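Chain and residue survey
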Amino acid sequence: MSAAMDTESTYSGYSHYSGHSKKAHRQGRDRHKSPRSKDGSRSEKSVTIQTPPAEPLLGNDASRAEEGQDDNWGETTTAITGTSEHSISQEDIARISKDLEDSVGLDCKRYLGLTVAAVLGLLVFLTPIAFILLPQILWRDDLEPCGTVCEGLFISVAFKLLILLIGTWALFFRQPKADIPRVFVFRALLLVLIFLFVFSYWLFYGVRILDSKDTNYQGIVQYAVSLVDALLFIHYLAIVLLELRQLQPMFAVKVVRSTDGESRYYSLGHLSIQRAALVVLENYYKDFTVYNPALLTASKSRAAKHMAGLKVYNVDGPGNNASGQSRAMIAAAARRRDSSHNELYYEEADHERRVKKRRARLVVAVEEAFTHIKRLQAEEQQKAPGEMMDPREAAQAIFPSMARALQKYLRTTRQQQYHSMESILQHLSFCITNNMTPKAFLERYLNPGPTLQYDRDRWFSKQWTLVSEEAVTSGLQDGIVFVLKCLDFSLVVNVKKIPFIKLSEEFIDPKSHKFVLRLQSETSV
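Here the residue index of a chain counts from 1 through its sequence in written order. The predicted nature of this model means local features are confined to residues of pLDDT at least 70 and side-chain atom pairs, given and counted, to a pLDDT of 80 or more, with totals for whole chains, interfaces and linings taken over all residues. Excluded from the side-chain calculations are hydrogens and water; all other atoms, namely the structure's heavy atoms, are used.

Some points on the packing of helix α12 (residues 391–412) against helix α14 (residues 438–446)
Selection criterion: Here an angle of 0 to 180 degrees is reported between the N-to-C directions of two axes, which are lines fitted to C-alpha atoms, with helices fitted over the stretch in contact. Here a helix means four or more residues in a row that DSSP labels H or I, a strand means two or more in a row labelled E, and each is numbered from the N terminus. Reported orientations rely on four angle classes, namely roughly parallel under 35 degrees, roughly antiparallel over 145, roughly perpendicular from 65 to 115, and oblique for the rest. Any two residues having at least one pair of non-hydrogen atoms within 4.5 Å are treated as being in contact. Gly is put with the polar residues, along with every residue not named as nonpolar or charged; the nonpolar set is Ala, Val, Leu, Ile, Met, Phe, Trp, Tyr, Cys and Pro, and the charged set is Asp, Glu, Lys and Arg.
Taken N-terminus to C-terminus, the directions of α12 and α14 make an angle of 30°; their axes are 11 Å apart at the nearest point. Taken together, the axis directions place α12 and α14 in an arrangement best described as roughly parallel. Residues M402, L406, Y409 and L410 of α12 lie in contact with α14, whose contacting residues are F441, Y445 and L446. Among the residues forming the contact of α12 with α14, the class breakdown is seven nonpolar, no polar and no charged.

A short note on the pairing of strand β7 (residues 490–497)
This is how the line gets drawn: Whether two strands pair depends on DSSP finding at least two bridges between them.
Two elements, strand β3 (residues 251–257) and β7, share seven bridges in a ladder whose sense is antiparallel. In the sheet register, K254 faces β7, and the bridge partner there is N494. Pairing of strand β6 (residues 481–485) with β7 involves five bridges; the strand directions are antiparallel. Along β7, the bridge assignment pairs V483 with V492. Between β6 and β7, which pair antiparallel one after the other, the connecting turn spans four residues.

Comments concerning the state of the cysteines
Formally, a disulfide is one covalent bond, and it connects the sulfur atom of one cysteine to the sulfur atom of another. Let me state the cut-off plainly: The criterion for a disulfide is a pair of cysteine sulfur atoms lying within 2.5 Å.
Under the counting rule described, the total for this entry stands at one disulfide. Covalently, C146 is tied to C150 through a disulfide, its sulfur atoms 2.0 Å apart. Residues C146 and C150 share a disulfide whose torsion about the S-S bond is about -115°; that sign makes it left-handed.

Some details on the UniProt feature "transmembrane region" (unreviewed entry) in the protein
To be explicit about the condition: UniProt positions are given in the numbering used here, feature names are shortened, and annotations may be inferred rather than shown by experiment.
Mapped onto this numbering, the UniProt entry gives "transmembrane region" (unreviewed entry) at residues 111–133, 153–172, 184–204 and 224–244. What you have in residues 111–133 is 100% helix and 0% strand, and the ends, taken at the C-alpha atoms, are 32 Å apart.

Looking at the nonpolar core
Note the following rule: By nonpolar core we mean a set of buried residues, namely Ala, Val, Leu, Ile, Met, Phe, Trp, Tyr and Cys, connected to one another through side-chain atoms within 4.5 Å. Think of it in three bands: residues with accessible area under 20% of the maximum for their type are buried, residues over 50% are exposed, and the middle band is partly exposed, with areas taken using a 1.4 Å probe on protein chains only.
Grouped together as the largest cluster of nonpolar side chains are 29 residues, with contacts concentrated most on F131 and F197. Residue assignment for this core shows that the elements contributing at least two residues are α4 (90–138), α5 (148–172), α6 (185–210) and α7 (217–244). Of the residues forming this core, the biggest block, 11 residues, is contributed by α7. F131 has contacts with Y201, W202, Y205, I220, Y223, A224 and L227, leaving out every residue within four places of it along the chain. In this structure, A365, I373, I398 and F441 belong to the second largest nonpolar core, which totals 27 residues.

Details of the sheet that holds β7
An order of β4-β3-β7-β6-β5 is seen for the five strands of this open sheet, with the pairing classed as antiparallel. A single partner strand is all that each edge strand has here, and the edge strands are β4 (263–268) and β5 (465–468). Neighbouring strand axes in the sheet, compared pairwise and without regard to direction, differ in orientation by 25° on average.

Thoughts on the packing of α6 against α7
Taken N-terminus to C-terminus, the directions of α6 and α7 make an angle of 170°; their axes are 11 Å apart at the nearest point. With respect to their mutual orientation, α6 and α7 come out roughly antiparallel. Taken together, the residues of α7 that come into contact with α6 (itself represented by F186, R187, L190, L193, I194, F197, Y201, F204, Y205 and I209) are I220, Y223, S226, L227, A230, L231, I234, L237, A238, L241 and L242. Broken down by class, the residue content of the contact of α6 with α7 amounts to 19 nonpolar, one polar and one charged.

As structure tokens, then:
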């Protein structure tokens, strides 16, 4: 109980605005009331998407305000900036509504395909049984007696149907991982093939057996057995087309994220463009680091500052000859542009120094906290043997000692929007439960992990759009480029065919490696 109160008191400054934060908010609001800036440009209008105040770890401050903060930053200070890192326009809202409508159509298409496949599968399994039972029901008295061979065929049909049922369940009855824009060609081809096959068997059965009321019951059972054998061969064909054909690597694809240029290489087999896009997205969520738009704000602000330095104003009017002054201003802007690499160098060096310092403070704070929890566990065991401290209570007890250092490090590295207080407490209690070291606890926060490591609410990519010049049902070819777009960024995929490798063999005579070492009795000193 006391640990929870300590945690609550530590974070009371982040859930309520103090008097200082309200004053900063009024100043920021007054600043935005000015209709025009000094150069006459209007402020950009945007619809701000705000997250709930209880979700982020330690507030939702903008990352640019962190650049001017020192190490003695107050816990109750709230920085208010004029712009938002995430904004959405009317075009984006229209695109989102269109994507929602498309998703409804995809759901209907998916359920329709599942219904057709289920009905066809039920027809396939009931057809051999119907072939055997219909003569017994319609003209049982006229049938010839079923001998030993006929009864053995019953057992064969039963076991073959069981094997076919298990194979069909393993191959087709799977939880869908994604909704693709077009139909899967090979699966549709197999469904059409099965339908034509069963229809032809029913047509032959109706004409030659039902109309004539064939009395050879053993031949009818043998006809049903041939149907089950053919269905087993079709199932083998489905395994080859759907599973085995794509296993051999034939293409190497390069995936590049458009915002930060992070890239990965993957090997793919014979796949259609839409199925290759699914494989790329599955690997993206586990291989690419999580997309963090806050890391791009610094480079954008530098670019805007440099572009502003290249503006030239003719204050004397168009009629006066101010070419000399214009040339001087252009030369000054060029010198400022040439010195921009120094600004970038010192800015990155200062940022790296700040990150290293706060990382060192965080490591020391976490090690001290874990040492404290080990001491508490030892004291609990001495006082009451057999009673262990609850991991959740232990995490709440040591979390306030490391919260400030963790807060500053996450804000410096711009990761605060991905880690809430509840998620950190859960991870800390998990590490305590499994007796993990401080280094194992810090691994999640020191290095940005893949997208799957974070909660789904923190993802910036959930719905994707495939853009391709070729038909998405066509196979991969050398030189094909397609793009996977989401709301904030896109993945550019470039396909290259793996070259044909010609490997030759060269024989080396084992006797060529033999040599004679002759030692002289007299050596020079």
